[in-house]
Amino acid sequence: MSGNRIAKLSLQLMTIIEERSVNNLSAIPKEEYLYKCTSACAGCSSSLCLRYVLKAAGPDSVLVVPACCTSVIQGMYPGTAMNVPVYNIAFAAAAACASGMSDAFATLGRETNVIVYAGDGGTVDIGIQALSGAFERGTNFLYICYDNEAYGNTGMQRSGSTPLGARTTTTPGGKPTAKKDLDRIVEAHNPPYMATACSAYPLDLYKKVKKALSIEGPKFIHILAPCPPGWRYPTEKTVEMGKLAVKTAQWILYEREFGKLTINGPSKAAMKKPAPLEDYIKSQGRFKNLSPEIFDLMRQQVEQNIQRLSREEAGVC
Amino acid sequence: MLTIATGNKAVAAAVKAARPGVIAAYPITPQTEIVEQIADYVTDGDLESRYIPVESEHSAMAACIGASAGGVRTFTATSSHGLLYMHEMVHWAAGARLPIVMANVNRALGPGWNTWAEHTDAFSQRDTGWLQVFVGTVQEAYDATLMAFKIAENERVLLPVMVNQDGFALSHIMQSLETVEIGDFLPPFHLPHAIDTENPCGYGPMTGPADYFRFRWDIERSMRDARGVIADVEREFAERFGRTYGPTEDYRCEDADVVVVAVGTLGKEAEMAIDRLRDEGVKAGSMRLRWFRPFPDLDLSGRDVVVIDRDYSFGFGGVVAHSIRSKTGIEPYSVIAGLGGQEVTYNDIADFVRNRRPGEETWFGVSDHV
Ligand SMILES: Cc1ncc(C[n+]2csc(CCOP(=O)(O)OP(=O)(O)O)c2C)c(N)n1
Ligand code: SF4
Ligand SMILES: [Mg+2]
């Protein structure tokens, strides 16, 4: 057994031990890798997620960041709000850049984590080719898409991940088409680990990042990251918005390890008895004046997702 | 070792000798043979590199950027549409100061689809901050590729280098090739700004005008320093391996009244035209432009100059003719020839010289007067 393999196994063991012990937020390391001097908007949940991602990843990690809000959030040269190396790269290129970096580290015998932290636009739209290529090649890295459901950096235009009916600056009448199902696209690449997460559940996110990084190969985490200016809700409601997304089963928390699906705690309950979708829709300005027809379609979509994932978990798909 | 090889195989052999840590590439005619040959080397264990078969050229350059920043020597090869597809990342590689080496097999651009030689692909990248060298023989393709790594990785340069050769006219032509034992000609890869998690830095974050401006100037300063570094590396190469190169390859230029300036295989073809013209008593010489970026200082004063451009900048003129005009103040006779692989023989080139009209532009085979 090679030294590398032993190191990986002991890491997995440590992760299991740690998972048992990290059952509340106070057990998450105190070290900060994202300082308070970011230039994120008030109530930005994606930067909150990044903070937990880095706590889980630790200092021997490199973040690869395509053009997105995170390019701005990290601060302006020569300052930086980040305490790990951040490699900024062109909008479409994050997964490919990470691919090269991961191979370079392997050549040098380094175990450094290579983590892409990309927006939804950089993932489901312009970056999807590079993402697909890197997953097909089995690149050893973790790709995290934080999904604020629009192009935040450029002022909230629609992305392929914008949900049906949502108003953005390029869909002023509401988006006429549904959100692209990124997770099923990634799933089609059969990665060893993929998961969804939500900014309102940081402990869940922390554990998922830890687990992902203990596995060799391409890993994927899709985080729903509510965005006050984009979704048009008051900044102090950011955590509540994430909770609502999960409780209404609009967003379902799950993991798929080597193909096996596990629905995570908060979503188990929500899938059995989802909170009224209206609670989620009505609290966001982007869904203002949503027609009853569109609302019905959205409800049907939630129902379909619940059915599909329940069947898969029960092994009847 | 003396063998025979194509231009493509020569590049692959040089890459094998340079031992990059990561190679990321995507196939395109007429370059494909390079990446296939390298894939064979890696598979057969003749080259201990990681080969990333990316899904596009944009990703090929992005992967090279990630790998180079990660601290290993990197190489890619492309051509024509592949080069244009990666354009955004071509700029990025230079701006990030990464010593990536890329072979570009010069080919025309569509539409219509045309896989033959033309230099418009490389010249369209001239403002990216890459060093660009054009070769004329199989041996030179090998030698220039080896030297490219050493030049790019020099700490006074730290810019990527593109090694250009003509599609088919050289990439698929067999000539003799002498490979070398490189010994310590290439030192181990060292990148001063390689990613170091013990010293976390931001790479390429948002940058205000004052700092951005300084970084741009720093690229130009390195371009200027590169002239000296290129000369040093070419001198060392000559001392070690016995083959001499310079910014141009001059042929019978000393006493010439008229000089033909051309790039790539047309520059070699011109040498035969010069012999013919000399036989007729015309005091002609040729100057094959090797380095295009940084652009060399040329001594052409007092002579007629005939420039052959296998490229065109629409609405303006031949790229090389314009460069000569702006660098030397000389009004050349500008011949546009060889686009899309058009055949241009030494007889044709001799005719360009005989019929020259300094200050004018001619499209070979199209304009009435050639
Ligand atoms: C090739 C290219 N096209 C367009 C842009 C402009 N641009 C920068 S970031 C961005 C949107 C990013 O959206 P997303 O990936 O969702 O991240 P977010 O800003 O929402 O965090 C766009 C359109 C760019 N930088 N590069
Ligand atoms: S636009 Fe949204 S995602 Fe971007 S920084 Fe502001 S709150 Fe965060
Ligand atoms: Mg977004």
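Residues numbered from 1 in each chain as written. Chains lettered and ligands numbered in written order. Predicted model: local features only at pLDDT ≥ 70, side-chain atom pairs only at ≥ 80, totals over all residues. Heavy atoms only, no water.

A. Summary view of the overall build of chain B. For chain B, the helix and strand inventory stands at 11 helices and 16 strands. For a compact globule of 370 residues, the expected C-alpha radius of gyration is about 21 Å, and chain B comes in at 20 Å, within 12% of that figure. When the 370 residues of chain B are sorted by exposure, 59% land in the buried category. Excluding contacts between residues fewer than 6 apart, the proportion of contacts in chain B whose partners are at least 24 apart in sequence is 80%. (Helix = DSSP H or I, 4+ residues; strand = E, 2+ residues; numbered from the N terminus. Rg over C-alpha atoms; globule rule 2.2 N^0.38 Å. Buried < 20%, exposed > 50% of the residue type's maximum accessible area, 1.4 Å probe, protein only. Contact = heavy atoms within 4.5 Å.)

B. Local environment of the coordination of the magnesium ion (ligand 3). Residues and elements named next belong to chain A. The coordination sphere of the magnesium ion (ligand 3), as far as protein atoms go, consists of Asp 120 (OD), Asn 148 (OD1) and Ala 150 (O), spread over 2.0 to 2.1 Å. Taken in sequence order, the residues that donate to the magnesium ion (ligand 3) follow the motif D-x27-N-x1-A. Of this pair, Asp 120 sits in the loop between strand E3 (113–119) and helix H5 (121–125) while Ala 150 sits in the loop between strand E4 (141–147) and helix H7 (182–187), and the two are 30 residues apart along the sequence. (Donors = N, O, S within 2.8 Å, 3.2 Å for Na, K, Ca; no water.)

C. The arrangement of the site of ligand 2 in detail. Residue and element names in this part refer to chain A. The environment of ligand 2 is formed by Cys 41, Cys 44, Ser 46, Cys 69, Ile 73, Asn 148, Cys 227, Pro 228 and Pro 229. Mapped by element, the contributors of at least two residues to the shell around ligand 2 are helix H3 (69–73) and helix H9 (228–231). Partitioning the shell around ligand 2 into residue classes produces seven nonpolar, two polar and no charged. (Near = heavy atom within 4 Å. Nonpolar A, V, L, I, M, F, W, Y, C, P; charged D, E, K, R; others polar.)

D. Spotlight on the pattern of salt bridges. Residues and elements named next belong to chain B. If you walk through the whole model with that rule in mind, you get 44 salt bridges over all chains. Between Glu 236 and Lys 150 there is a salt bridge whose closest N-O contact spans 3.1 Å. Pair noted here: Glu 236 is in helix H8 (residues 209–241) and Lys 150 is in helix H7 (residues 138–153), with a separation of 86 residues, a long-range link. A residue is classified by how much of its surface remains accessible, and Glu 236, at 21% relative accessible area, is partly exposed. Note that Arg 252 and Asp 275 form a salt bridge whose closest N and O atoms lie 2.8 Å from each other. Placement of the pair is Arg 252 in the loop between strand E10 (248–251) and strand E11 (258–263) and Asp 275 in helix H9 (residues 265–279), with a sequence separation of 23 residues. Take Arg 252: its relative accessible area is 35%, and that puts it in the partly exposed class. Three or more residues are tied together by salt bridges with common partners; here these are Glu 140, Glu 234, Glu 249, Lys 268, Glu 271, Arg 288 and Arg 290. (Salt bridge = Lys/Arg side-chain N within 4 Å of Asp/Glu carboxyl O.)

E. Spatial organisation of the interface of chain B and chain A. Each partner contributes to the interface: chain B provides 40 residues, whereas chain A provides 39 residues. Of the roughly 3,000 Å² buried between chain B and chain A on both sides combined, carbon and sulfur atoms contribute 64%. Considering only the side of chain B, the residues that lose the most area to chain A are Ile195(B), Thr197(B) and Met206(B), jointly responsible for 21% of the buried surface there. The tally of links between chain B and chain A comes to two salt bridges. In this structure, Arg137(A) and Glu55(B) form a salt bridge, with 2.9 Å as the shortest nitrogen-oxygen distance. Linking chain B with chain A are nine residue pairs in polar contact (both at pLDDT 80 or more), by the criterion used here. Contributing elements (two or more residues each) for the side of chain B that touches chain A: strand E3 (50–52), helix H3 (57–70), helix H5 (87–95), strand E9 (202–203) and H8 of chain B. For the side of chain B that touches chain A, the element with the most residues is H3(B), which contributes nine residues. (Buried area = accessible area lost by both parts, 1.4 Å probe. Polar contact = N/O pair within 3.5 Å; in protein donor to acceptor, adjacent residues only side chain to side chain.)

F. How the structure looks around the pairing of strand E4 (residues 74–78) of chain B. Residue and element names in this part refer to chain B. Counting buried residues along E4, five of its five residues qualify, which places the element largely inside the surrounding structure. Burial of E4 is two-sided: the residues Thr 74, Thr 76 and Thr 78 facing one way and the residues Phe 75 and Ala 77 facing the other way are all buried. Relative to E4, strand E2 (residues 22–24) runs parallel, the two being bridged by two bridges. Bridging from a neighbouring strand, Ile 23 pairs with Phe 75 of E4. Relative to strand E5 (residues 101–106), E4 runs parallel, the two sharing four bridges. Each bridged residue has a counterpart across the sheet, and for Ala 77 the counterpart in E5 is Ala 103. (Pairing = 2+ DSSP bridges.)

G. A look at the site of ligand 1. Residue and element names in this part refer to chain A. Contacts to ligand 1 come from 17 residues, most closely from Gly 121, Gly 122, Tyr 146, Gly 152 and Asn 153. Interatomic distance of 2.6 Å between a backbone N/O atom of Asn 153 and an oxygen atom of ligand 1. For ligand 1, whose unbound accessible area comes to 590 Å², protein coverage reaches 77%. Here the residues of the shell around ligand 1 sort into eight nonpolar, seven polar and two charged. (Areas by Shrake-Rupley, 256 points an atom, 1.4 Å probe, with all protein chains shown as cover.)

H. Representation of the sheet that holds strand E6 (residues 131–134) of chain B. All names here are of chain B. Read across the open sheet, the seven strands follow the order E3-E2-E4-E5-E7-E6-E13; overall the sheet is mixed. Strands at the two margins of the open sheet, each flanked by one partner only, are E3 and strand E13 (291–293). When strand polarity is set aside, the average angle formed by the axes of neighbouring strands in this sheet is 20°. Lying over the sheet, H7 contacts E4, E5, E6, strand E7 (161–166) and E13, oriented at roughly 170° with respect to E7. (Axes fitted to C-alpha atoms, helices over the stretch in contact; angles between N-to-C directions.)

I. Structural view of the packing of helix H1 (residues 7–18) of chain B against helix H2 (residues 32–43) of chain B. All names here are of chain B. H2 packs onto H1 with a crossing angle of 40° between their chain directions and a minimal axis gap of 8 Å. Judged by the angle between their axes, H1 and H2 are oblique. Where H1 crosses over H2, the two elements pack in a sense that is right-handed. On H2, the residues that touch Asn 8, Lys 9, Val 11, Ala 12, Ala 13, Val 15 and Lys 16 of H1 are Glu 33, Ile 34, Gln 37, Ile 38 and Tyr 41. Tallied by class, the residues present in the contact of H1 with H2 amount to seven nonpolar, two polar and three charged. (Parallel < 35°, antiparallel > 145°, perpendicular 65-115°, else oblique. Left-handed = near helix turned anticlockwise from the far one by under 90°.)

J. Structural context of the nonpolar core. Core analysis: the biggest nonpolar cluster contains 166 residues, and Tyr87(A), Tyr143(A), Met61(B), Phe75(B) and Leu131(B) have the highest contact counts within it. Element by element, the count of residues in this core is highest for H7(B), at 10 residues. Residue contributions to this core reach at least three from each of two domains, namely domain 1 (2–179 + 207–241) and domain 2 (248–369) of chain B. Excluding residues that lie within four positions of it along the chain, Met61(B) makes contacts with Thr76(B), Met86(B), Met89(B), Val90(B), Ala93(B), Ile100(B), Met102(B) and Trp130(B). (Core = buried A, V, L, I, M, F, W, Y, C linked by side-chain atoms within 4.5 Å. Domains from an automatic or database assignment.)

K. Local environment of the packing of aromatic side chains. Across all of its chains, the model carries 22 aromatic pairs over all chains by this definition. Relative to Phe215(B), the ring of Tyr77(A) has its centre 5.1 Å away and its plane inclined at 70°; by these criteria the two rings are edge-to-face. Residue Tyr77(A) is found in the loop between H3 and strand E2 (86–88), and its partner Phe215(B) is found in helix H8; the two belong to separate chains. Take Tyr77(A): its relative accessible area is 28%, and that puts it in the partly exposed class. Each member of the aromatic cluster is reached from another via a ring pair, and the members are Phe135(A), Phe141(A), Tyr143(A) and Phe220(A). It is Lys243(A) that lies over the ring of Tyr201(A); its NZ or CZ is 5.1 Å from the centre. (Phe/Tyr/Trp six-rings, centres within 6.5 Å; stacked < 30°, edge-to-face > 60°. Lys NZ or Arg CZ within 6 Å of the ring centre and 35° of its normal.)

L. Quick peek at the domain arrangement of chain B. Residues and elements named next belong to chain B. Under the domain assignment, chain B is made up of domain 1 (2–179 + 207–241) and domain 2 (248–369). In this structure, domain 1 and domain 2 have C-alpha centres spaced 26 Å apart. If you look at the interface, domain 1 gives 30 residues, while domain 2 gives 24 residues. Summing both sides of the interface, domain 1 and domain 2 together bury roughly 2,200 Å²; the carbon and sulfur share of this comes to 60%. Summed over the three residues of domain 1 that lose the most area to domain 2, namely Phe 123, Arg 126 and Arg 227, the buried surface amounts to 25% of that side.

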